[in-house]
Amino acid sequence: MQTLQTITKRRSIRKFTNKPLSQQQIETLLQAAMLAPTARNAQEWDFVVVRDRAGLTKLMKAHPYAQMLSTADCAIIVCGDTQRETAAGYWPGDCGAATQNILLAATDMGLGSVWLGVYPTQERMDAVANVLALPAHVKPFNIIALGYPDEKKEDVDRFDPAKVHYEKW
C-alpha cells in the first residue's frame, strides 16, 4: 500500500472480530512506533501491551469512552517517561508521532485501530496509571485499541483549503 493510500484508508475502528493478532504483528506495530521522530531524539516513550481480557476490562472501567476494548484483541498504551525527556514539554508531541505510526502501520497491515485520548485529562491519566501500575514519572498518553476490523468505513477527504495560509495569516 502506498503511504497516501494508507493515510486515506486510516479510520477509527471500534468493532473488532475475535481473530487474534500475532506476536509478530504487535512487534511490527511497536517497531513502527519507535521509528517516529522525537525532540532531541529523546525517544522518551514506553509502551504497555495489554492482551489479557481482565486487563482490557480494567482499562474499560478506567476510561469512560473505551467500550471498544470489549472486542479488541489488545491495547497498546503509549506512555511518556518524563525522566528521559530532554526538551521539557515535548513528550506529548513525541508520543503523538509514535501513535500515528502505530495507526498507519495497523491500517497498512489490514488491522483496525482507534486512538483513545488519556492525556491531558488528569482523572483518566490517574486511572490508567493505576491500572497499569505506572511509576509516577511515566505518564499515559493514550490507549490504542487494536484488532481485525468488524466494520468498514468509507474513505474521507478532509482537505479544506480555507485552513491553509501561505506566508502569513
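None of these values were measured; they are calculated from a predicted model.

**Q** Can you help me understand the sheet that holds strand E4 (residues 138-147) in this one?
**A** Backbone hydrogen bonds hold the strands of a sheet together, and the pairing may be parallel or antiparallel. If you trace the four strands from one edge of the open sheet to the other, you get E1-E2-E4-E3, paired in antiparallel fashion. Strand pairing shows two members of the sheet lacking a second neighbour, strand E1 (45-50) and strand E3 (112-117), which therefore form its edges. Neighbouring strand axes in the sheet, compared pairwise and without regard to direction, differ in orientation by 25 degrees on average. Of the strands in this sheet, E1, strand E2 (74-81), E3 and E4 are in contact with helix H4 (residues 91-108), which crosses E4 at around 10 degrees.

**Q** Would you explain the packing of helix H2 (residues 23-33) against H4 in this entry?
**A** The relative placement of two packed helices comes down to the angle between their axes together with the axis-to-axis distance. Contact geometry for H2 and H4: axes closest at 7 Å, N-to-C directions at 140 degrees. Our classification of the angle between H2 and H4 gives oblique. As for the relative orientation of H2 and H4, their crossing is right-handed in sense. On H4, the residues touching Leu29, Ala32 and Ala33 of H2 are Ala98, Asn101, Ile102, Ala105 and Ala106. Class assignment of the residues belonging to the contact of H2 with H4 gives a composition of seven nonpolar, one polar and no charged.

**Q** In this structure, what is going on with a nonpolar patch on the surface? I would like to understand it.
**A** A cluster of nonpolar residues, Phe159, Val164 and Tyr166, forms a patch on the protein surface that exposes about 390 Å² of accessible area. When you line up the elements, Tyr166 lands in the segment after E4.

**Q** Can you walk me through the environment of Leu30 in this structure?
**A** Among the secondary structure elements, Leu30 is positioned in helix H2. You can call Leu30 buried: its relative accessible area is 16%. Not counting residues within four places of it along the chain, the set of residues in contact with Leu30 comprises Phe47, Val49 and Ile76.

**Q** What is the right way to look at H4 in this model?
**A** Because an α-helix completes one turn every 3.6 residues, residues spaced three or four positions apart along the sequence face the same direction. If you check H4, its first and last C-alpha atoms are 26 Å apart, about what 18 residues at 1.5 Å a residue would give, namely 26 Å. Along H4, 13 of the 18 residues are buried, which leaves the element largely enclosed by surrounding structure. Where H4 ends, the next residue or the one after it, Gly110, has phi of about 80 degrees, a positive value.

**Q** Where do I start with the nonpolar core in this structure?
**A** One broad trend across soluble globular proteins is that nonpolar side chains are buried collectively. Leu59, Leu69, Ile77, Val128 and Ile143 are the most contacted members of the largest nonpolar core, which has 25 residues in total. Mapped onto this core, the elements with two or more residues apiece are helix H3 (53-62), E2, E3, helix H5 (122-132) and E4. Once residues within four sequence positions are removed from consideration, Leu69 is found in contact with Arg53, Leu56, Leu59, Met60, Ala75, Leu116, Ile143 and Ala145. Formed by 24 residues, the second largest nonpolar core is a distinct cluster that contains Leu21, Leu30, Cys74 and Ile144.

**Q** Any chance you could explain the side chain of His63 here in plain terms?
**A** Its place among the elements puts His63 in the loop between H3 and E2. For His63, the contacting residues outside a window of four places in its chain are Leu116, Gly117, Val118, Arg124 and Ile143.

**Q** Just checking my understanding: could you explain the packing of H3 against H5 for this structure?
**A** One can describe the packing of H3 onto H5 by two numbers: an axis separation of 9 Å at closest approach and a directional angle of 160 degrees. By the angle class used here, H3 and H5 are roughly antiparallel. Seen along the crossing, H3 lies across H5 with a hand that is right-handed. Judged by residue contacts, Lys58, Leu59 and Ala62 of H3 engage Ala127, Val128, Val131 and Leu132 from H5. Residue classes in the contact of H3 with H5 are distributed as six nonpolar, no polar and one charged.

**Q** I would appreciate a short explanation of H5 in the present structure.
**A** Within H5 the residues assigned to the buried category are Arg124, Met125, Val128, Ala129 and Leu132. Within H5, the buried residues cover an arc of 125 degrees as seen down the axis, which keeps them to one side. Seen from the open side of H5, the exposed residues pointing more than 90 degrees away from its buried face are Glu123 and Asn130. Where H5 is buried, its residues touch E1, H3, E2, E3 and E4. Positive phi appears at Ala133, one or two residues downstream of H5, with a value of about 55 degrees.

Calculation notes
- Residues numbered from 1 in each chain as written.
- Predicted model: local features only at pLDDT ≥ 70, side-chain atom pairs only at ≥ 80, totals over all residues.
- Heavy atoms only, no water.
- Pairing = 2+ DSSP bridges.
- Helix = DSSP H or I, 4+ residues; strand = E, 2+ residues; numbered from the N terminus.
- Axes fitted to C-alpha atoms, helices over the stretch in contact; angles between N-to-C directions.
- Contact = heavy atoms within 4.5 Å.
- Parallel < 35°, antiparallel > 145°, perpendicular 65-115°, else oblique.
- Left-handed = near helix turned anticlockwise from the far one by under 90°.
- Nonpolar A, V, L, I, M, F, W, Y, C, P; charged D, E, K, R; others polar.
- Patch = residues over 30% accessible without salt bridge, like charges linked within 9 Å, V, L, I, M, F, W, Y side chains within 5 Å.
- Areas by Shrake-Rupley, 256 points an atom, 1.4 Å probe, with all protein chains shown as cover.
- Salt bridge = Lys/Arg side-chain N within 4 Å of Asp/Glu carboxyl O.
- Buried < 20%, exposed > 50% of the residue type's maximum accessible area, 1.4 Å probe, protein only.
- Expected span 1.5 Å × (residues − 1).
- Core = buried A, V, L, I, M, F, W, Y, C linked by side-chain atoms within 4.5 Å.
- Arc of directions from axis to C-beta.

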